[in-house]
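# Coordinates in review
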Amino acid sequence: MSRRTKGSALLMQRSLLVMALLVFLAPILWLIMTAYEPSRAIQSVPPTLRFTPSLANFASIASNFDLPRLTLSSMVISAGSTMLSLLLGIPCGYALARTRMRSAILLAYAFLAIRGVPTVVTLIPFYLFMRQLHLLGSWWAVILMNATLSTAFVAWMMYTAFRAIPREVEDAAIVDGCSAFGAFWRVALPLARTSVAAAALLCMMFAWNDYLNPAFLTRAETRPLSVALLTAFGGNTTSGWGTLGAMAHLSTIPIVLAGLLLNRYLTAGLTRGIH
Amino acid sequence: MQRSLLRLTSPRRRSLFLFVMAAPAALHVAVFALYPILRGVGFSLFQMNLMQPWLHRFICLRNYTDALADPEIRHSLIVTLIFTLGCVTAELVLGFCLALLLWPDSRFNRVATTLMLVPITVTPIVVGLIFRALLDPSFGLIGYWLVHAHLAPPQGLLGDTRTALPTMMVVDVWEWTPLVALILLAALKALPSDVLDAAEIDGADHVRRLRLIILPMMLPALFLVLVLRVTDVFRTYDIVFAATAGGPADSTNLLMLSAVKQGLLFFDIGYGSAISILMTLCIVLMAAVIMLTLRRMDRRFNES
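Residues numbered from 1 in each chain as written. Chains lettered and ligands numbered in written order. Predicted model: local features only at pLDDT ≥ 70, side-chain atom pairs only at ≥ 80, totals over all residues. Heavy atoms only, no water.

## Examining the overall build of chain A
- Summing up its helical and strand segments, chain A has 15 helices and zero strands in all.
- For chain A, buried positions account for 54% of its 275 residues.
- Looking at chain A as shown, the accessible area adds up to about 12700 Å², and 66% of this sits on carbon and sulfur atoms. (Helix = DSSP H or I, 4+ residues; strand = E, 2+ residues; numbered from the N terminus. Buried < 20%, exposed > 50% of the residue type's maximum accessible area, 1.4 Å probe, protein only. Areas by Shrake-Rupley, 256 points an atom, 1.4 Å probe, with all protein chains shown as cover.)

Structural data, given as structure tokens:
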């Protein structure tokens, strides 16, 4: 292939990618922009991109919503779900990877299958179950619900990660006087830390962005940002888009930034988690 | 003596240790996932509405036969199948093209891959709302001009029964194509380079290399993406709920929306559970068909 055709192929490839990126990023940039746009400008006919920036939308959400409380709810729910899922899922994935029992693989597949069940199947009985336990409306209800889905997912992901680590490394540590738990804690776990980070990030993303579970399991004081976003409109389509943009600064931008900063783990998790 | 006994790594001690490690997760999943699922199966056999507790009674499979005969549910099933088929096909084709574009390793491509993650991380409810606003016929940045250019119906793309479903498919494709691309990209990068080099030296052109070497070796990754996307698209809720809430006139009323409406808004627990269990059966069936088809394809490629 001549240098010239190679150069034009590269130009073609890059311009296609730039176009794709524009399509993927423009809606988000528009959303961020609306936050600084006065509500009258958003509804201008015909719509334009020109306006005088203002912080009115931020003032409006601060006076209409208990923002610290909503943010706290989101943080408690995602941190709690993530910690519980890791605490339960990592040792389980390790056990599945190390056992010599043939049926262990079946349990691993059962965990994967639980991920495939639509949330609504468990949500209806879970709602009644939490009502019986007097946990309905509390953060615990959402954390326990998220952790069931995420634990299964973490266990599966760690099962594949630990299987890739040779046993001999741990056997050597046990010969040196390490306990069985020590071999897991001090040898295998540090070797699998990339997968742990990936699993944690995916659990956190799932819990932070989820709408359906917290919408039914929380009440006004325990509501997270993702649920408040929608109730902020209440079906009102002619106002509130600027407020959405302002709310998105709190609810969406942190998780997008976390994804971008930790993208190495995110890609590892997305690709390894399903293998 | 006591210490050396403790340190003894007999197979029985070893399996006890592993059992203790696995037990909490298994117990948690059994109590908070398996038990609710089984209770849901139980509910689906009863006439059970929380608003009318005096009417509870066992009706065997009546909820299932009712659901299958219900025109709203039938319509939802068709809408969901069209949605799933359309979205997954478009996501696989576009995702594969994107992955091929991102394949050569360069600084530019690494930055592009990172930025590609953004749609995946955005809260799905927000995704639905963004497109609802952008496509609004009276003030939406895209919708207004589309309507004025007569490229969209006067009620906007999401307000017309004919265009709402295809538009929602575009939104889902926008959100999830990057995920497909990233997974396929990882699979492309894992391909053995010696095989690819050999094919290039043998003079195989791009199309033939793609069809005869790359695609067959990508089959396991394609299979995983296919199963993942089919099961996830089939139970889409957030983006459609935020953008159209199932309307106009039920044209985007996916099964998941029907199930949530019956079970959690109308408190018709029995009927809602039956619909969700029918959904689960559909998902299992589709996953099984994909798995068997791909296994057969894999065998054919590897034998010839």
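## What about the overall build of chain B?
- What chain B contains, in helices and strands, is 14 helices and two strands.
- The globule rule puts the C-alpha radius of gyration for 304 residues at 19 Å, and the 25 Å found for chain B is more than 25% above it.
- Based on the C-alpha atoms only, the size of chain B along its principal axes is roughly 80 × 70 × 40 Å.
- Long-range pairs, those at least 24 residues apart, make up 67% of the contacts in chain B with a sequence separation of at least 6.
- Within chain B, the 20 negative side-chain charges are centred at a point lying 12 Å from the centre of the 24 positive side-chain charges. (Rg over C-alpha atoms; globule rule 2.2 N^0.38 Å. Contact = heavy atoms within 4.5 Å. Lys, Arg positive; Asp, Glu negative; His and termini not counted. Charge placed at Lys NZ, Arg CZ, Asp CG, Glu CD.)

## With respect to helix 4 (residues 67-98) of chain A
- The end-to-end C-alpha distance of helix 4 of chain A, which contains 32 residues, comes to 46 Å, matching closely the 46 Å that a straight helix rising 1.5 Å per residue would cover.
- With 23 of 32 residues buried, helix 4 of chain A lies mostly within the body of the structure. (Expected span 1.5 Å × (residues − 1).)

## Let's talk about the packing of aromatic side chains
- Throughout the structure, instances matching the rule amount to 16 aromatic pairs over all chains.
- With a centroid separation of 4.9 Å and 90° between ring planes, the pair formed by Tyr144 of chain B and Trp145 of chain B is classed as edge-to-face.
- Ring plane angle 20° and centroid distance 5.2 Å describe the contact between Tyr237 of chain B and Phe241 of chain B, whose orientation is recorded as stacked.
- Ring pairing ties together the aromatic residues Tyr94, Phe162, Phe181, Phe184 and Trp185 of chain A, which thus form one cluster.
- Lying across the ring of Tyr265 of chain A, Arg264 of chain A places its NZ or CZ 4.7 Å from the centre. (Phe/Tyr/Trp six-rings, centres within 6.5 Å; stacked < 30°, edge-to-face > 60°. Lys NZ or Arg CZ within 6 Å of the ring centre and 35° of its normal.)

## What about a nonpolar patch on the surface?
- On the surface, Met12, Leu16 and Met19 of chain A cluster together into a nonpolar patch covering about 310 Å² of accessible area.
- Along the polypeptide, Met12 of chain A turns up in helix 1 (residues 3-34). (Patch = residues over 30% accessible without salt bridge, like charges linked within 9 Å, V, L, I, M, F, W, Y side chains within 5 Å. Salt bridge = Lys/Arg side-chain N within 4 Å of Asp/Glu carboxyl O.)

## Details of the confidence of the model for chain A
- Predicted confidence across chain A gives a mean pLDDT of 84, with 90% of residues reaching 70 or more.
- Confidence, read as mean pLDDT per element, is least for helix 2 (residues 39-42) of chain A in chain A (63) and greatest for helix 4 of chain A (93). (pLDDT = per-residue confidence, 0-100.)

## Quick word on the interface of chain A and chain B
- Across the contact, 88 residues belong to chain A and 86 residues belong to chain B.
- For the pair chain A and chain B, the number of links is zero salt bridges.
- One can count nine residue pairs in polar contact (both at pLDDT 80 or more) joining chain A with chain B.
- Counted by class, the side of chain A that touches chain B contains 59 nonpolar, 23 polar and six charged residues. (Polar contact = N/O pair within 3.5 Å; in protein donor to acceptor, adjacent residues only side chain to side chain. Nonpolar A, V, L, I, M, F, W, Y, C, P; charged D, E, K, R; others polar.)

## What to know about the pattern of salt bridges
- For the structure on display, the rule yields eleven salt bridges over all chains.
- Between Arg219 of chain A and Glu221 of chain A there is a salt bridge, with its nearest N and O atoms 2.9 Å apart.
- The partner of Glu91 of chain B in a salt bridge is Arg229 of chain B, with the nearest N and O atoms 2.8 Å apart. Of this pair, Glu91 of chain B sits in helix 4 (residues 71-102) while Arg229 of chain B sits in helix 11 (residues 206-234), and the two are 138 residues apart along the sequence.

## As for the environment of Val225 of chain B
All names here are of chain B.
- Here Val225 is to be found in helix 11.
- A residue is classified by how much of its surface remains accessible, and Val225, at 1% relative accessible area, is buried.
- A sequence separation of 118 residues divides Val225 from Arg107, and the C-alpha atoms of the two residues are 26 Å apart.
- With near-sequence residues (within four places) excluded, Val225 lies in contact with Leu92, Val180, Ile183 and Leu184.

## Some words on the packing of helix 10 (residues 193-201) of chain B against helix 11 of chain B
All names here are of chain B.
- The N-to-C vectors of helix 10 and helix 11 enclose an angle of 170°; their axes lie 11 Å apart at closest approach. Our classification of the angle between helix 10 and helix 11 gives roughly antiparallel. Contacts between helix 10 and helix 11 involve Val195, Leu196, Ala199 and Glu200 on the former and, on the latter, Arg209, Ile213, Ile214 and Met217.
- Grouping the amino acids of the contact of helix 10 with helix 11 by side-chain chemistry returns six nonpolar, no polar and two charged. (Axes fitted to C-alpha atoms, helices over the stretch in contact; angles between N-to-C directions. Parallel < 35°, antiparallel > 145°, perpendicular 65-115°, else oblique.)

## Quick notes on the nonpolar core
- Core analysis: the largest hydrophobic core is formed by 177 residues, its most contacted members being Ile90, Phe162 and Met247 of chain A together with Phe83 and Leu184 of chain B.
- Those residues within four positions of Leu184 of chain B in sequence are excluded, and the remaining contacts are Leu92, Gly95, Phe96, Ala99, Met218, Ala221, Leu222 and Val225 of chain B. (Core = buried A, V, L, I, M, F, W, Y, C linked by side-chain atoms within 4.5 Å.)

## What to know about the packing of helix 13 (residues 241-251) of chain A against helix 7 (residues 124-134) of chain B
- Remark: helix 13 of chain A packs on helix 7 of chain B, axes separated minimally by 11 Å, with the N-to-C direction vectors making an angle of 155°. Judged by the inter-axis angle, helix 13 of chain A sits roughly antiparallel to helix 7 of chain B. Of the two elements, helix 13 of chain A crosses helix 7 of chain B, and the hand of that crossing is left-handed. Residue-level inspection shows Trp241, Leu244 and Ser251 of chain A of helix 13 of chain A in contact with helix 7 of chain B, the latter providing Val126, Leu129, Arg132 and Ala133 of chain B.
- Looking at the contact of helix 13 of chain A with helix 7 of chain B, its residues break down into five nonpolar, one polar and one charged. (Left-handed = near helix turned anticlockwise from the far one by under 90°.)

## Considerations on the side chain of Ser81 of chain A
Residues and elements named next belong to chain A.
- With respect to the secondary-structure elements, Ser81 resides in helix 4.
- A polar side-chain atom of Ser81 sits 3.3 Å from a polar atom in the side chain of Asn146.
- Not counting residues within four places of it along the chain, the set of residues in contact with Ser81 comprises Val76, Ile143, Asn146 and Ala207.

## Structural notes on unusual backbone geometry
- Within the chain, His134 of chain A stands out as a residue other than glycine whose phi angle is a positive 60°.
- In this structure, His134 of chain A sits in the loop between helix 6 (119-132) and helix 7 (139-163).
- Phi at Phe267 of chain B is positive, roughly 60°, even though this residue is not glycine.
- In this fold, Phe267 of chain B is placed in the loop between helix 13 (255-265) and helix 14 (269-303).
- For Phe267 of chain B, a relative accessible area of 23% puts it in the partly exposed group.

## Quick word on the confidence of the model for chain B
All names here are of chain B.
- The share of residues in chain B with pLDDT of 70 or more is 96%, and the mean pLDDT across the chain is 86.
- Put simply, helix 1 (residues 2-7) is where chain B has its lowest mean pLDDT, 48, and helix 4 is where it has its highest, 94.
- Within the model, pLDDT remains below 50 along residues 1-6, and this stretch shows two contacts once partners closer than five positions in the same chain are excluded.
- Scored as a whole, the predicted complex attains pTM 0.87, and scored at its interfaces, ipTM 0.84.

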